[in-house]
Amino acid sequence: MIEPAWISHPDEVDAKVAQWQADHPELLLAESKIQFAGRPVWALTVTDRTVDDAGKRRMIVYKPHAHEPAPIAAQVNVIEQLLTGQTIDGRPSEFDGERVLRECVLVFLPDANPDGTARAPVEAWDGSRCTNEEFWAWMRGPDPDTGEMWKRVDIYDEREEERLPSRTGIVYEQIDEHRWVEPNRHHSSTLFQWLFELTDRYGDWDQLLSLHQTEFVNSPHNAMVILPCLYDDLPQDIREYEMRWAEEIVAAWRDVPGGNPIEEIKPLAYTGQQRQYFVERWGEMYDRYPILTSEIQNNNPRTPPTVQQRLNEVALKVSIERLVEHGFRRS
Ligand SMILES: [Zn+2]
């Protein structure tokens, strides 16, 4: 049984967006791109649309990976508060909604691959159904011979693979008849199509926040903030902004019941090909805007879905408060 405030299945998200559109057209611009598999990938711009956007601070929040559903549930609950003044389960909003909406443009991509999310066997990974090995085989598909996780690539073409997974991994997004991509590792994904279009439209961002989950194998912790892999080479003002923002998120996580964040804030530690994907696909944006990645534990009874959702909501709350109070763009 998922908690009543948890909405992550694409059918439920679509229904929620339709309700928001009907009830709050002055605060929400809901746009979608239809991914190849047929589902809408929503870009939800939340702001007071009666106030000119020119002087507003801007943040975009996105959730690339279909096996990581808690960031969807968190974004839906935060948007609900900003639009209605209440959480989904009827508690008062944690935000000064009027000020946030008047002074900021918030763009949410709550689910960059809803087809993948809909292919998952569960709406939340609480650790009761799958071992991590079984979970990872859902993520990238099971190897046809061993049943273990298939490989991690930016893009693959079914016609060119000698051994395809026996079930397509839910992390992959189909982009045409034969090709699949990992959304944050290839520019052909609907995620990147949206990021390019929205960046053209809104101009500079003050903050980009990428929401993720991971398993924290052999770690007592269940939350961490990651800096860009190129952090050490970024402009000084971006580095300082990212570090202060990250420290604020970690500090807030310490106060969440069940939260146990990693104190140290470091750049993404990938090497080799996986690092190269990020350098090639994100390098230009890293150089221009403050970008943080949040990781909350997935598939472990130590971090139940309510805590997964809460830690994501707190990362969002701190980020929105920082946007209102500071913002990055040099005027
Ligand atoms: Zn992820």
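Keep in mind it's a predicted model, so treat the numbers as computed, not measured.

Trainee: Would you explain the overall build of the chain in this entry?
Mentor: Helix and strand counts for the chain stand at nine helices and eleven strands. On C-alpha atoms alone, the chain measures out to a radius of gyration of 19 Å, which is about the 20 Å that the 2.2 N^0.38 rule sets for 331 residues. In terms of overall dimensions, the chain has C-alpha extents of about 55 × 45 × 40 Å along its principal axes. Counting every position in the chain, which comprises 331 residues, the buried fraction comes to 56%. Sequence separation of at least 24 residues holds for 73% of the intrachain contacts in the chain that already meet a minimum separation of 6. Taking the average place of the 35 positive charges on the side chains of the chain and the average place of its 58 negative ones, the gap between the two points comes to 2 Å.

Trainee: I keep staring at the environment of Thr-117 and nothing clicks. Help me out?
Mentor: Within the secondary structure, Thr-117 is located in helix H4 (residues 114–119). The sequence separation of Thr-117 and Glu-177 amounts to 60 residues, and the corresponding C-alpha distance is 19 Å. Setting aside its immediate chain neighbours within four residues, Thr-117 contacts Ser-8, Pro-10, Lys-63, Ala-66, Ile-72 and Asp-111.

Trainee: I'm lost on the sheet that holds strand S7 (residues 179–181) in this one. Help?
Mentor: Pairing between the strands of a sheet comes from backbone hydrogen bonds, and it takes one of two forms, parallel or antiparallel. Taken together, the three strands give an open sheet; going across it, the order is S5-S7-S6, and neighbouring strands pair in antiparallel fashion. Every interior strand has two partners, whereas the edge strands, strand S5 (155–157) and strand S6 (173–174), have only one. Here three bridges tie S5 to S7, and the two strands are oriented antiparallel to one another. Within S7, the residue paired with Asp-157 across the bridge is Arg-179.

Trainee: I'm lost on the coordination of the zinc ion in this one. Help?
Mentor: Angles between donor atoms at a metal ideally measure 109.5 degrees for a four-coordinate tetrahedral arrangement and either 90 or 180 degrees for a six-coordinate octahedral one. Ligation of the zinc ion by protein atoms is provided by His-65 (ND1), Glu-68 (OE), Glu-68 (OE) and His-212 (ND1), these donors lying 2.0 to 2.4 Å from the ion. Coordination geometry of the zinc ion: the four donor atoms subtend angles of 56 to 150° at the metal centre, consistent with an arrangement described as irregular. Owing to a relative accessible area of 3%, His-65 belongs among the buried residues under this scheme.

Trainee: Please clarify how the nonpolar core should be interpreted in this entry.
Mentor: Nonpolar side chains in soluble globular proteins tend to be buried together. Leu-106, Phe-108 and Trp-253 are the most contacted members of the largest nonpolar core, which totals 79 residues. Of all the elements, helix H9 (residues 305–325) adds the most residues to this core, at nine residues. Excluding residues that lie within four positions of it along the chain, Phe-108 makes contacts with Trp-42, Ala-43, Leu-44, Val-46, Val-61, Gln-75, Val-78, Ile-79, Leu-82 and Leu-316. One finds Trp-150, Val-153, Tyr-172 and Trp-180 within the second-largest nonpolar core, a separate group that totals eight residues.

Trainee: Please clarify how the packing of helix H2 (residues 70–84) against H9 should be interpreted in this entry.
Mentor: Packed helix pairs are specified by the crossing angle of their axes together with the interaxial distance, meaning the distance between the axes. Axis separation between H2 and H9 bottoms out at 8 Å; the angle between their running directions is 50°. Viewed along their axes, H2 and H9 adopt a mutual orientation that is oblique. In the packing of H2 onto H9, the handedness of the crossing is right-handed. Between H2 and H9, the contacting residues are Ala-70, Pro-71, Ala-73, Ala-74, Gln-75, Asn-77, Val-78 and Leu-82 on the first element and Gln-308, Gln-309, Asn-312, Glu-313, Leu-316 and Ile-320 on the second. In terms of residue class, the contact of H2 with H9 is made up of eight nonpolar, five polar and one charged.

Trainee: Mind showing me how you'd approach the packing of aromatic side chains here?
Mentor: How two aromatic rings sit relative to each other is set out by the distance from centre to centre and by the angle between their planes. Using the criterion set out here, one finds twelve aromatic pairs in the structure. Relative to Phe-328, the ring of Tyr-241 lies with its centre 5.5 Å away and its plane at 75°, an arrangement referred to as edge-to-face. Linking Tyr-241 in helix H7 (residues 236–254) with Phe-328 in the segment after H9, this pair joins segments that are 87 residues apart in sequence. For the pair formed by Tyr-241 and Phe-328, the shared burial category is buried. Residues Trp-282 and Tyr-286 carry aromatic rings whose centres are separated by 6.5 Å and whose planes lie at 20° to one another, so their mutual orientation is stacked.

Trainee: Even after reading the chapter, I still don't get the side chain of Thr-45, so can you show me in this structure?
Mentor: For Thr-45, the position within the fold is in strand S2 (residues 40–46). A relative accessible area of 2% means that Thr-45 is categorised as buried. A distance of 3.0 Å separates the side chain of Thr-45 from the side chain of Tyr-202, its partner in a polar contact. Leave out the neighbours within four places in its chain, and Thr-45 touches Leu-27, Leu-28, Leu-29, Val-105, Leu-106, Val-107 and Tyr-202.

Cut-offs and rules
- Residues numbered from 1 in each chain as written.
- Predicted model: local features only at pLDDT ≥ 70, side-chain atom pairs only at ≥ 80, totals over all residues.
- Heavy atoms only, no water.
- Helix = DSSP H or I, 4+ residues; strand = E, 2+ residues; numbered from the N terminus.
- Rg over C-alpha atoms; globule rule 2.2 N^0.38 Å.
- Buried < 20%, exposed > 50% of the residue type's maximum accessible area, 1.4 Å probe, protein only.
- Contact = heavy atoms within 4.5 Å.
- Lys, Arg positive; Asp, Glu negative; His and termini not counted.
- Charge placed at Lys NZ, Arg CZ, Asp CG, Glu CD.
- Pairing = 2+ DSSP bridges.
- Donors = N, O, S within 2.8 Å, 3.2 Å for Na, K, Ca; no water.
- Tetrahedral: all angles 85-135°; square planar, octahedral: opposite > 155°, others 65-115°.
- Core = buried A, V, L, I, M, F, W, Y, C linked by side-chain atoms within 4.5 Å.
- Axes fitted to C-alpha atoms, helices over the stretch in contact; angles between N-to-C directions.
- Parallel < 35°, antiparallel > 145°, perpendicular 65-115°, else oblique.
- Left-handed = near helix turned anticlockwise from the far one by under 90°.
- Nonpolar A, V, L, I, M, F, W, Y, C, P; charged D, E, K, R; others polar.
- Phe/Tyr/Trp six-rings, centres within 6.5 Å; stacked < 30°, edge-to-face > 60°.
- Polar contact = N/O pair within 3.5 Å; in protein donor to acceptor, adjacent residues only side chain to side chain.

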